[in-house]
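# Fold and geometry: a report
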Amino acid sequence: MTKERLRIAVQSKGRLATGSVSLLERAGFEIRNGGRDELLQRVKNLPIDILRVRDDDIASFVAEGVCDFGFVGQNSLAESGLDESDNFASITPLGFARCSLKIAVPEAIDYAGASSLSGKRIATSHPRLLRRFLCAKNVDAAVAEMHGSVEVAPRLQIASAVCDLVSTGATLEANGLRAVETVFDSEAVLIQSASPISEELAGIVDLLKRRIDSVVATTGTKYIMLNAPRDAAPEIQKLLPGAEAPTIMPLSGRDAVAIHAVCQESVFWKTLEDLKAAGASAILVLPIEKMML
Ligand code: PRT
Ligand code: ZN
C-alpha cells in the first residue's frame, strides 16, 4: 500500500521529544495540537504525520519503512544493531541531545585502565555497545542488562560498575560514581528510510531535508558586522569564529573597511573584546533567523 502522507517517528516524551518537535516547528511544519499523548499528530500545512513512540522503537520503524523518517539518538541507532548503509538512505546529525555512554565505577575504587574491569559485572542499558567496547579492549567482564536506574546498580550490589549515558555528570556524582571510560559519543540524528517512496511524496521528502538542513545550519550561527582600520582587517578575520568568507567593503573617505561575516560558532563576549583590542569598532552581532544554502 502506498502512503499518501509522509510519516515521521518522534519520541513521545523524554530527552529527544522537545528538541525534535522544536526543530520541526522551526522548519515551518505546523504540528496540530491534539494533546501531548496523541499517538499520531498531523502537520497542518503539508501531507506529513508525526508518530509519537518510545525512542527504542524509532530505528526499527524507519528501517522497516513503517516510518519514512525518525529522530533518534546515535546511541540507540548503534545499539539497535541495524546496518546503517543497508537500512537508511541518510543520517543527518542534528546537534542536540548530546551525551556520552560512559563506564563509571564507585569513587573509592582504584582504577588503572580497562583491564581493571576484568572479571567484574557491569550494569547497562546498552549491552551491544558495551560488549563491543570490552571486546576491543580485550577485557572479559560480565554484562548485566538493565532498563532504567542503571546508576543504582553498584549500591544495590547488582554490579560493580555501570555503563550509562551521561550529559552533565550530576547523576553519577549523586550516586558516588566516577566516569572512567567513554564508550560512545552521541547526539540526535534524523534518519531516513531506504524503503522506496511514492513519486507524489518525493517532493515533500526533498523539502523536509532541505528545511531541516537549513535549521541545523542556522542553529548557533550569528551575523557579525564591524568597522576596522584597513590594515587591521587580516588580524580581525582570524578572530571571527567559524567565518569562512567575510565580505570586506571600503568605507568612503576613510582608510577603513566594514567587515560582515556569518559566524558558524558561538560569539562570546571575549570574542568581542578581542575584536575591539584588534582595532574593530561599531561591532554588531545579530541572530540569523533563516538561511537557505
Ligand atoms: O520512554 P522512552 O523509552 O522513549 O525514553 P527513555 O527513558 O529510554 O529515553 P530518554 O528520554 O531518557 O533519552 C532518550 C535519548 O536522549 C537517549 O537515547 C540519548 O540519545 C539522549 N540523551 C541525552 C540522554 C541523556 N542526554 C541523558 N542524560 N538519555 C538519557 N540520559 C540520562 C542517563 O541515562 C542518566 O540517567 O540522564 C541521566 C544522566 O544525566 P546527567 O545530566 O545527570 O549526566
Ligand atoms: Zn527508551
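The rules behind these values
Residues numbered from 1 in each chain as written. Chains lettered and ligands numbered in written order. Predicted model: local features only at pLDDT ≥ 70, side-chain atom pairs only at ≥ 80, totals over all residues. Heavy atoms only, no water. Phe/Tyr/Trp six-rings, centres within 6.5 Å; stacked < 30°, edge-to-face > 60°. Lys NZ or Arg CZ within 6 Å of the ring centre and 35° of its normal. Near = heavy atom within 4 Å. Polar contact = N/O pair within 3.5 Å; in protein donor to acceptor, adjacent residues only side chain to side chain. Helix = DSSP H or I, 4+ residues; strand = E, 2+ residues; numbered from the N terminus. Pairing = 2+ DSSP bridges. Axes fitted to C-alpha atoms, helices over the stretch in contact; angles between N-to-C directions. Donors = N, O, S within 2.8 Å, 3.2 Å for Na, K, Ca; no water. Tetrahedral: all angles 85-135°; square planar, octahedral: opposite > 155°, others 65-115°. Salt bridge = Lys/Arg side-chain N within 4 Å of Asp/Glu carboxyl O. Buried < 20%, exposed > 50% of the residue type's maximum accessible area, 1.4 Å probe, protein only. Domains from an automatic or database assignment. Parallel < 35°, antiparallel > 145°, perpendicular 65-115°, else oblique. Contact = heavy atoms within 4.5 Å. Nonpolar A, V, L, I, M, F, W, Y, C, P; charged D, E, K, R; others polar. Arc of directions from axis to C-beta.

Turning next to the packing of aromatic side chains. Applying the stated criterion across every chain yields a total of zero aromatic pairs. Over the ring of Phe29 we find Arg211, and its NZ or CZ is 5.5 Å from the ring centre.

Around ligand 1, the structure places 20 residues, and the nearest of them are Arg15, Arg54, Asn75, Thr168 and Thr171. Within the contact set of ligand 1, an oxygen atom lies 2.6 Å away from a side-chain nitrogen or oxygen of Thr168. A distance of 2.8 Å separates an oxygen atom of ligand 1 from a polar atom in the backbone of Gly169. Listing elements by their share of the shell around ligand 1, those giving two or more residues are helix H2 (55-63), strand S9 (161-166) and helix H6 (170-174).

We now examine the sheet that holds strand S5 (residues 88-93). Neighbouring strands of a sheet are bound in pairs by backbone hydrogen bonds; such pairs are parallel or else antiparallel. If you trace the six strands from one edge of the open sheet to the other, you get S2-S3-S1-S4-S11-S5, paired in mixed fashion. In the strand order of this sheet, the two ends are held by strand S2 (40-42) and S5, each with one partner. Looking at each pair of strands side by side, their axes are set apart by 25° on average, direction ignored. Two strands pair when backbone bridges link them, and S5 and strand S11 (residues 188-193) are joined in this way by five bridges, in the antiparallel orientation.

Surrounding the zinc ion (ligand 2) are the protein donor atoms Asp55 (OD) and Asp56 (OD), which sit 2.1 Å from the metal. Around the zinc ion (ligand 2), the four donor atoms are arranged such that angles at the metal cover 74 to 172°; this shape is classified as irregular.

Turning our attention to the pattern of salt bridges. Side chains that differ in sign of charge can pair as their charged atoms come close. Considering all chains together, one arrives at nine salt bridges under this definition. Where Arg5 meets Asp49, a salt bridge forms, and the shortest distance between an N and an O atom there is 2.9 Å. Taken together, the positions of Arg5 in the segment before strand S1 (6-11) and Asp49 in strand S3 (residues 48-53) put the pair 44 residues apart, joining distant regions of the chain. When its relative accessible area of 7% is taken as the criterion, Asp49 is described as buried. In this structure, Glu187 engages Arg98 in a salt bridge whose closest nitrogen and oxygen atoms are separated by 3.3 Å. Of this pair, Glu187 sits in the loop between strand S10 (177-186) and S11 while Arg98 sits in the loop between S5 and strand S6 (99-106), and the two are 89 residues apart along the sequence. Within this structure, Arg5, Arg42 and Asp49 form a network of salt bridges that share partners.

Take the domain arrangement of the chain next. Along its sequence, the chain is organised into domain 1 (6-97 + 187-218), domain 2 (99-186) and domain 3 (222-287). Centre-to-centre, using C-alpha coordinates, domain 2 lies 46 Å away from domain 3.

The next subject is the packing of helix H1 (residues 17-26) against helix H7 (residues 199-218). Where H1 contacts H7, the two axes come as close as 9 Å, and the packing angle between them is 105°. In terms of orientation, H1 and H7 fall into the roughly perpendicular class. In contact with Leu23, Leu24 and Arg26 of H1, H7 contributes Leu208, Ile212, Val215 and Val216. Per-class residue counts for the contact of H1 with H7 are six nonpolar, no polar and one charged.

Within the element layout of this structure, Asp68 appears in the loop between H2 and strand S4 (69-73). The residues contacting Asp68, other than those within four sequence positions of it, are Lys3, Arg5, Leu6, Arg7, Val62, Ile191, Gln192, Ser193 and Ile197.

Note that Leu129 resides in helix H5 (residues 127-136). Taking the C-alpha atoms as reference points, Leu129 and Glu235, 106 residues apart in sequence, are found 46 Å from one another. Contacts of Leu129, omitting those with residues within four sequence positions, involve Asn75, Ala78, Glu79, Leu101, Val183 and Phe184.

The set of residues buried in H2 consists of Ile58, Ala59, Val62 and Ala63. Seen along its axis, H2 keeps its buried residues to an arc of 120°; they face one direction. Looking one or two places after H2, you find Gly65, whose phi comes out positive at around 85°.

Further remarks concern unusual backbone geometry. For residues that are not glycine, phi is negative in most cases, and the peptide bond is trans in most cases. Of note in the backbone geometry, Ser149 takes a positive phi value of approximately 50° without being a glycine. If you check the backbone angles, Ala282 has positive phi at about 45° while not being a glycine. Examined against the element boundaries, Ala282 turns out to sit in strand S15 (residues 281-287).

Here we come to the environment of Leu165. Structurally, the position occupied by Leu165 is in strand S9. Leu165 sits in the partly exposed class, given a relative accessible area of 32%. Remark: the alpha-carbon pair of Leu165 and Lys102, spanning 63 residues in sequence, is separated by 6.2 Å. The residues touching Leu165, leaving out its near neighbours within four places in the chain, are Asn75, Cys99, Ser100, Leu101 and His126.

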